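# An overview of the molecular structure
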Amino acid sequence: MPELPEVESARAVVERGALGRRIADVDDADTYVCRPHRPGEIRDALVGRTLTGVHRRGKSMWCDTGDGGPELGVHLGMSGKIVIADPDGTETDGGDYWRRGREPGDHRFARFALTFDDGGWLLLVDPRRLGRVRLDPPVDELGPDAADITAARFRDAVLKGTAPIKARLLDQQAIAGIGNLLADDILWAARIHPARPAGDLSRPESDRLHRAVRREIRTALNDGGVHTLPLIPYRKDGARCPRDDAAMAHGMVGGRTTWWCEKEQPPQA
DNA sequence: AGCATTGTTTCACA
DNA sequence: TTGTGAAACAATGC
């Protein structure tokens, strides 16, 4: 689930529940999630420190750890969530997934954990383990945040080359935060075919697309995530476009399953 | 059983 | 250089 809106929610969970608490221990034993660090490397860098701030750019988030400390980077991957828990394991924030069929203290899918000196926890819960925790993450390699990007920067960074426009929207180095579901929704909202070459868009189309990026992300942030986006229920066989009742088409664009409206999103401008 | 999956990285190849 | 597609990563769900 994590695209930009979900990561922003996770960032807010950390801000509400973890800032200012002293780190007493760190479980960084999952060498895949904590790659490329050795077990204990993150623990040694963080024990005794305090999280003093938390930031987000695109789908990446990171925490400040006080004077001279490294940044603690967190990426949620495909299935990661941030959970704040009491000493007995009962979650107090961030735990929609965590709640289901699980007893307090069941940390089966916790892949990384900070223990605070009061016994409480910050957990990265991630069944699929494609999330990632690392020190000093290279966030400067990311493009501008999709929630804030200006029209001029959008044109400059995204609308160039012959790659499909959807592939450009998914390129985190061009614009950070858009995932597969958001990309389809944005292109549908702007009535642009996902396979159009990015550099071929007209000025009206590029303005429409930029506005759709900002609006769809704003909507998802306010309504509770990418699963609240209007196109989500229509990403299935036999579905019809909720605007004009034309058939929803699907195929592979930019290596990902892609859905679009056959009539409103023609392959040619 | 076999297929799908919201993400990223790497590689072979054109 | 630019771009594509596939595979890998790991695990779950239909």
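Residues numbered from 1 in each chain as written. Chains lettered and ligands numbered in written order. Predicted model: local features only at pLDDT ≥ 70, side-chain atom pairs only at ≥ 80, totals over all residues. Heavy atoms only, no water.

## Topic: the sheet that holds strand 2 (residues 53-57)
One open sheet accounts for four strands, arranged 2-3-4-9; its pairing is antiparallel. Each of the sheet's edge strands pairs with one partner strand only, and the pair in question is strand 2 and strand 9 (132-135). Put simply, the sheet's adjacent strands are angled 20° from each other on average, direction ignored. Here five bridges tie strand 2 to strand 3 (residues 60-64), and the two strands are oriented antiparallel to one another. Residue pairing across strands places G53 opposite D64, the latter belonging to strand 3. This element, helix 1 (residues 4-17), spans strand 2 and strand 3 of the sheet and lies at about 175° to strand 2. (Pairing = 2+ DSSP bridges. Helix = DSSP H or I, 4+ residues; strand = E, 2+ residues; numbered from the N terminus. Axes fitted to C-alpha atoms, helices over the stretch in contact; angles between N-to-C directions. Contact = heavy atoms within 4.5 Å.)

## Looking at the environment of A246
Secondary-structure assignment places A246 in the loop between helix 6 (203-223) and strand 10 (248-253). As for A246 and C261, which are separated by 15 residues in sequence, their C-alpha atoms are 6.6 Å apart. When near neighbours in sequence (up to four residues on either side) are disregarded, A246 contacts A239, R240, C241, C261 and K263.

## Concerning the domain arrangement of chain A
According to the domain assignment, chain A contains domain 1 (4-140) and domain 2 (143-261). Put simply, the middle of domain 1 and the middle of domain 2, counted by C-alpha atoms, are 30 Å apart. With eight residues of domain 1 at the interface, the matching set in domain 2 holds 17 residues. In this assembly, domain 1 packs against domain 2 so that about 840 Å² is buried in total across both faces, 62% of it on carbon and sulfur atoms. Remark: the boundary between domain 1 and domain 2 carries one salt bridge. The partner of R56 in a salt bridge is D145, with the nearest N and O atoms 2.6 Å apart. At the boundary of domain 1 with domain 2, the tally comes to six residue pairs in polar contact (both at pLDDT 80 or more). Mapped by element, the contributors of at least two residues to the side of domain 1 that touches domain 2 are helix 1 and strand 2. Of all the elements, helix 1 adds the most residues to the side of domain 1 that touches domain 2, at four residues. Class assignment of the residues belonging to the side of domain 1 that touches domain 2 gives a composition of two nonpolar, one polar and five charged. (Domains from an automatic or database assignment. Buried area = accessible area lost by both parts, 1.4 Å probe. Salt bridge = Lys/Arg side-chain N within 4 Å of Asp/Glu carboxyl O. Polar contact = N/O pair within 3.5 Å; in protein donor to acceptor, adjacent residues only side chain to side chain. Nonpolar A, V, L, I, M, F, W, Y, C, P; charged D, E, K, R; others polar.)

## Some details on the state of the cysteines
Per the stated rule, a full pass over the model turns up zero disulfides. Note on C63: no disulfide assigned, nearest cysteine sulfur contributed by C34 at a separation of 14 Å. We classify C63 as buried; its relative accessible area is 4%. (Disulfide = S-S within 2.5 Å. Buried < 20%, exposed > 50% of the residue type's maximum accessible area, 1.4 Å probe, protein only.)

## Notes on the protein's contact with DNA strand C
Near DNA strand C, the surroundings consist of Y32, F109, R111, P127, R128, R129, L130, G161, T162, A163 and P164. Within 4 Å of the protein, atoms of DNA strand C come from sugar and phosphate in 73% of cases. Within the side chain of R129, an N or O atom sits 2.8 Å from a phosphate oxygen of DNA strand C. Each residue belonging to the surface near DNA strand C can be placed in one class, and the counts come to six nonpolar, two polar and three charged. (Near = heavy atom within 4 Å.)

## Remarks on the sheet that holds strand 1 (residues 23-27)
Spatially, the five strands line up as an open sheet ordered 1-7-8-5-6, and their pairing is antiparallel. Only two strands of the sheet have a single partner each, and these edge strands are strand 1 and strand 6 (91-93). Pairwise comparison of adjacent strand axes, ignoring direction, gives a mean angle of 30° for this sheet. As paired strands, strand 1 and strand 7 (residues 110-116) are joined by four bridges and run antiparallel to one another. By the bridge assignment, I23 is partnered in strand 7 with F116. Running at roughly 20° to strand 5 (residues 81-85), helix 1 makes contact with strand 5, strand 6 and strand 8 (121-125) of the sheet.

## Remarks on the nonpolar core
In a soluble, globular protein the nonpolar side chains are often hidden away together inside. If you look at the biggest cluster of nonpolar residues, it comprises 31 residues, and the most contacted ones within it are F154, I165, L169, I178, L209 and V213. Sorting the residues of this core by element identifies helix 3 (151-158), helix 4 (165-170), helix 5 (180-190) and helix 6 as the ones contributing at least two each. Sorting elements by how many residues they give to this core places helix 5 first, with seven residues. Leaving out residues up to four positions away in the same chain, F154 has contacts with I149, L159, L169, I175, S206, L209, H210 and V213. Grouped together as the second largest cluster of nonpolar side chains are 27 residues, V14, V33, C34 and L124 included. (Core = buried A, V, L, I, M, F, W, Y, C linked by side-chain atoms within 4.5 Å.)

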